[in-house]
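In case you want the letters, here they are:
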Amino acid sequence: MNLNNFYKNIKNNYKKIIISFLIFTQLYILKYYIGYYSPLHIEAHIGLYPILGLLFGGWGALGVSFANLLTDLAGGHPPLETFICFFVDFLYAYLPYKLWYTFSKNGKLTAPQLGTIFHLAKFCGVILVSTILYTVLIIMLLHDSQNVSLFSLTTLNYFLNAFVFGFFTGVIGIIISNLKNIDLTIPSVNKNPKIKDKWYNLALLIGIILIVVFFIMIAVGESNKYINLLFIISICILILFYTTKPVKYPVIKEKSIYKPIIEKLILIFLGFIIGISLLFTSLAILIALKTGESSMMIENSLGFTISILLYLFIGWLAFFVPGLIALKYVEENITNPLSLFSKFTREYINSKDSKEVNKESLMERYQDYFEKYDEIGILGNSIVKMMSDLENVTSEKERISTELTLAKDIQESKLPTNFPKDKKYSINASMKPAREVGGDFYDFFEIDSENICIVIGDASGKGIPAALFAVIAKELIKTQLLSGASLAETMKSVNNRLCENNVQSMFVTAWAGVINLRKNELKLVNAGHNAPLIKNGETFEWLDSKHGLVLGAMENIQYKEHCVSLKCNDFQIYLYTDGVTEAHNDKEELFNEDRLIELINNNNLNSIEFIDYLNGELDKFKGSQEQFDDITMMIFEYKIGEDENGNN
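A few points on the structure. Just so we're clear, the structure is a prediction, and the values are computed from it rather than from any experiment.

## Section: the overall build of the protein
Scanning the protein from terminus to terminus reveals 18 helices and twelve strands. In the protein, which comprises 648 residues, the proportion classed as buried is 46%. In the protein, of all internal contacts separated by at least 6 residues, the share reaching a separation of at least 24 is 75%. For the protein, the exposed area adds up to about 34,200 Å²; of that, 59% sits on carbon and sulfur atoms.

Structure below.
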């Protein structure tokens, strides 16, 4: 790291140093005042080293170590011993950070968390290893000044203080950092390290050997102050070198949108452990006060402190280990399968679009869980069966959709779309089904050179049955009229044909008219259909005519023809189905006949503009309301007295 990068890192991370410094200082001051009134050797501030280093890396370790350095100097500790203690403190704080990002599961590293049993066990291991190293180095440092041996109450006191408070403050710190999304120090991956791993491991091994040699020398009486200091400095340097070992795997920074069940169980479990440990300690103190053993606190404060810490540790140990084993069983046999099934279904659903993953490949990946003979296996196989059913339903739905699309294309192909636009007469029409296919229809065709037929109809019901019935009716009407039958004869014949084998009791409303271009007259028959609007003067008016019975309801019905003379130079007739007037908006208001005739009369439109305008007005009126019925309309415009070239 060059100097510029070092200054840049200091600038980006100085807040972490300050925060660590202030947190440690405040807790140390609190400990000092409590110690002033109590002879107990409670060193709760020691628990801050691992968690601040774990969260903030070297910056947190530097802040907390520097804070302790100042407090020790202010307390009158020997400078040399204090500065060596500074490096011990730094290692104690920084080692958890390196250990956390050194050990991974399947090559996956995460920021400090307690979301799985592996992470919880890893955290405990990190705290335990760091505590042992810290205790050993401190005892080595205190050996000459206070004649402390490795196997003494002072050693036990340091170990219990460091482990108990390191665990409790670590749990709280990790939970807070995850909840508040605190900016943690994440190591970068060094893909091309200049030093091989074996040298780091060798340095650690030599450091451990030096620790063993140190205590052997003490045991045989072959040590002195300067040799001891040399050992301590050498061990610190070797372990510090080990902590520079590069990280092999990238840290996963993605956060799940949901909190796994096992993580919730672990948090509840940790809360219970902390609570039960405190309860054990409180009961021990109360018992001591009741039995008169509280005098021990004054006479042997170190022993009383160790008793309290032992109760904390025993309370932790008595429930933590069995609880961890139980949670491991729950994780492996319940929550992990549930999590994998959740992932399985998500991947399957996502793969329905990407086509990258299929059910068989997913089942092969999670086969062990599907073969279990318990509730998890039943659940897994039930999910697979539901997926199979879903595939069948989806396949059937796609087949139906394809058939409906084909039916729509067939229906549209049966409707004339080549609208005549010459100056003698013009026709325009549209049909908008409420579903893929509809029961409405329209038609126009030339019977001969003098007669033009226009037809509109609406079959009962919706969808494919209505569409089939409508197509049959349309083709029957056209066939009969082209064969030379009159309108009345056509409607009677079509009605009888539709009544045959009509087990569903379906029917069709229909209106048919024939315009004679030579005689300028309109002949029409209405079989129960909406009355059209006709412009045979200045404005559009309803064309009143006697309605006949709908087609397909009863056999042998007689239909009556009506005749209208065309007087207006610009004759127009507008045909529509009830989907137009019965369209409704969000207020449940109908479009209705009054609104329809008002719109038409207030706008002088030709046949080309007419249909688009009315469809646009219907869309505005409906707004977001869903179309519930087919909407079909047709306009016929005839300029009387003009030839095909527009001449009178």
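Anyway, onward from the coordinates.
## Comments concerning the sheet that holds strand β9 (residues 540-542)
Strand order in the open sheet formed by five strands is β3-β12-β11-β8-β9, and the pairing between neighbours is antiparallel. Each end of this open sheet is capped by a strand with a single partner; those strands are β3 (425-432) and β9. When strand polarity is set aside, the average angle formed by the axes of neighbouring strands in this sheet is 15 degrees. In this sheet, strand β11 (residues 570-576) lies alongside strand β8 (residues 533-535) in antiparallel orientation, the contact comprising three bridges. Note that in β11 the partner of I534 across the bridge is I573. Sheet strands in contact with helix α17 (residues 593-601) are β8, β9 and β11, and its direction is about 155 degrees off that of β9. Lying over the sheet, helix α18 (residues 607-622) contacts β3, β9, β11 and β12 (631-639), oriented at roughly 150 degrees with respect to β12.

## A few points about helix α7 (residues 225-242)
Over its 18 residues, α7 extends 26 Å from the first C-alpha to the last, a length consistent with the 26 Å expected when each residue adds 1.5 Å. Taken together, the buried positions of α7 are occupied by N228, L229, F231, I232, I235, C236, L238, I239 and Y242.

## Structural notes on the packing of helix α6 (residues 197-220) against α7
In contact at an axis separation of 8 Å, α6 and α7 are set at 160 degrees when each is read in the N-to-C sense. By the criterion of interaxial angle, the relationship of α6 to α7 is roughly antiparallel. Crossing geometry of α6 relative to α7 is assigned as left-handed. In this structure, α6 contributes W199, Y200, N201, A203, L204, I206, G207, L210, I211, V213, F214 and M217 to the contact, and α7 contributes I227, N228, F231, S234, I235, L238, F241 and Y242. Of the residues in the contact of α6 with α7, the class split is 16 nonpolar, four polar and no charged.

## Topic: the nonpolar core
Ranked by internal contacts, the top residues of the largest apolar core, which has 80 residues, are F123, M140, F167, L270, W316 and F320. At 15 residues, helix α4 (residues 117-146) tops the list of elements feeding residues into this core. If we ignore the near neighbours within four places in the chain, the residues touching M140 are I211, F214, F215, F231, I232 and I235.

## Focus: the packing of aromatic side chains
Counted under the stated rule, the structure contains 31 aromatic pairs. Between F163 and W316, the ring centres sit 5.1 Å apart and the planes meet at 80 degrees, which makes this aromatic pair edge-to-face. Of this pair, F163 sits in helix α5 (residues 153-179) while W316 is found in helix α10 (residues 301-354), placing the two residues 153 residues apart along the sequence. There is no split in this pair, since F163 and W316 are both buried. Here the aromatic cluster, defined as three or more aromatic residues joined through ring pairs, consists of F123, F159, F163, F167, F168, F269, F313, W316 and F320. The ring of W100 carries K122 above its face, with NZ or CZ at 4.4 Å from the centroid.

## Quick notes on the packing of α17 against α18
The axes of two packed helices give the description: the angle between them and the distance between them. Relative orientation of the contacting elements α17 and α18 amounts to 135 degrees, with a least axis distance of 11 Å. One way to sum up the angle between α17 and α18 is to call them oblique. With respect to the hand of their crossing, α17 and α18 are arranged in right-handed fashion. Residues R595, L596, L599 and I600 of α17 form the contact with α18, whose participating residues are F610, Y613, L614, E617 and F621.

## Concerning the sheet that holds strand β7 (residues 521-527)
One open sheet accounts for five strands, arranged β4-β5-β6-β7-β10; its pairing is antiparallel. Looking at the sheet topology across the chains shown, the edges are occupied by β4 (440-446) and β10 (562-565). For this sheet, the mean angle separating the axes of adjacent strands, direction not counted, is 15 degrees. Where β4 lies against strand β5 (residues 451-459), seven bridges are found, and the strand directions are antiparallel. The residue of β5 that forms the bridge with E446 is I452.

## As for the pattern of salt bridges
Opposite charge on two side chains makes pairing possible when the charged atoms of those side chains draw close. Inspection of every chain in the model, using the stated rule, returns nine salt bridges. Here D197 ties to K248 by a salt bridge, and the two come within 3.0 Å at their closest N and O atoms. With a gap of 51 residues between them, D197 in helix α6 and K248 in the loop between α7 and β2 (251-252) connect regions that are remote in the sequence. D197 sits in the partly exposed class, given a relative accessible area of 23%. Among the charged side chains, a salt-bridge network with shared partners connects K328, E331 and E332.

## Things to note about the environment of L487
By secondary structure assignment, the location of L487 is in helix α15 (residues 487-499). When its relative accessible area of 5% is taken as the criterion, L487 is described as buried. Note: C-alpha distance between L487 and W511 (24 residues apart in sequence) is 10.0 Å. Apart from residues no more than four positions distant in its own chain, L487 is found in contact with L481, A512, G513, V514, K523, L524, V525 and E561.

## Concerning a nonpolar patch on the surface
Together, I195, W199, L202, L205, I206, I209, V213 and F241 make up an exposed nonpolar region whose accessible area comes to about 650 Å². Among the elements that take part in the nonpolar patch, α6 stands out by supplying six residues, more than any other. You can see F241 is positioned in helix α7. Looking at F241, the relative accessible area reads 32%, which means it is partly exposed.

## Here's the deal with the environment of A44
Note on placement: A44 falls in the loop between α1 (3-37) and α2 (48-74). Since its relative accessible area comes to 21%, A44 is described here as partly exposed. Residues A44 and L27, 17 residues apart in the sequence, show an inter-C-alpha distance of 7.9 Å. Discounting chain neighbours no more than four positions away, the residues touching A44 are L27, N161 and F165.

## Description of the state of the cysteines
Enumeration over the complete set of coordinates arrives at zero disulfides. Residue C85 stays outside any disulfide, its sulfur separated by 9.6 Å from that of C236, the closest cysteine.

## Description of a negative patch on the surface
The grouping of E582, E593, D594 and E598 at the surface amounts to a negative patch. Locating D594 in the fold gives a position in helix α17. A relative accessible area of 60% places D594 in the exposed class.

Calculation notes
- Just so you know, the residues in each chain are numbered from 1, in the order the chain's sequence is written.
- Local features in this predicted model are restricted to residues whose pLDDT is 70 or higher, and side-chain atom pairs enter the listing and the counts only when it is 80 or higher, whereas totals over whole chains, interfaces and linings include all residues.
- Side-chain figures throughout are based on the complete set of non-hydrogen atoms in the structure, without hydrogens or water.
- Strands here are runs of E lasting at least two residues and helices are runs of H or I lasting at least four, both read from the DSSP assignment and numbered beginning at the N terminus.
- The buried label applies to any residue whose accessible area, calculated with a 1.4 Å probe on protein chains only, is under 20% of its type's maximum; exposed applies above 50%, and partly exposed to all values in between.
- Residues are treated as being in contact if the distance between any of their heavy atoms lies within 4.5 Å.
- We get accessible surface area from the Shrake-Rupley algorithm with a probe of 1.4 Å; when it comes to residues, only the shown protein chains can shield them.
- Whether two strands pair depends on DSSP finding at least two bridges between them.
- To obtain an axis, a line is fitted to C-alpha atoms, over the contacting stretch when the element is a helix, and the angle between two such axes runs from 0 to 180 degrees between their N-to-C directions.
- Expected helix span is computed as 1.5 Å times (number of residues minus one).
- Small angles under 35 degrees read as roughly parallel and large ones over 145 as roughly antiparallel, with 65 to 115 read as roughly perpendicular and the rest as oblique.
- Two helices that cross are described as forming a left-handed crossing if the nearer one is turned anticlockwise from the farther one by less than a right angle, and a right-handed crossing if clockwise.
- All residues other than Ala, Val, Leu, Ile, Met, Phe, Trp, Tyr, Cys, Pro, Asp, Glu, Lys and Arg, Gly among them, are scored as polar; the first ten of these are nonpolar and the last four charged.
- What makes a nonpolar core is a set of buried Ala, Val, Leu, Ile, Met, Phe, Trp, Tyr and Cys residues whose side-chain atoms join them at distances within 4.5 Å.
- Each Phe, Tyr or Trp ring (for Trp, its six-membered ring) is paired with any other whose centre lies within 6.5 Å, and the angle between the two planes then decides the class: stacked below 30 degrees, edge-to-face above 60, tilted in between.
- Comment: the charge-over-ring label is applied if NZ (Lys) or CZ (Arg) is within 6 Å of the ring centre and within 35 degrees of the ring normal.
- A carboxyl oxygen of Asp or Glu within 4 Å of a side-chain nitrogen of Lys or Arg is what we treat as a salt bridge.
- Patch building starts from residues that exceed 30% relative accessible area and form no salt bridge, then joins like charges within 9 Å and nonpolar side chains (Val, Leu, Ile, Met, Phe, Trp, Tyr) within 5 Å.
- Disulfides are defined as cysteine sulfur pairs within 2.5 Å.
- We treat Lys and Arg as the positive residues and Asp and Glu as the negative residues; His and chain ends play no part in the count.
- By convention, charge coordinates are those of NZ in Lys, CZ in Arg, CG in Asp, or CD in Glu.

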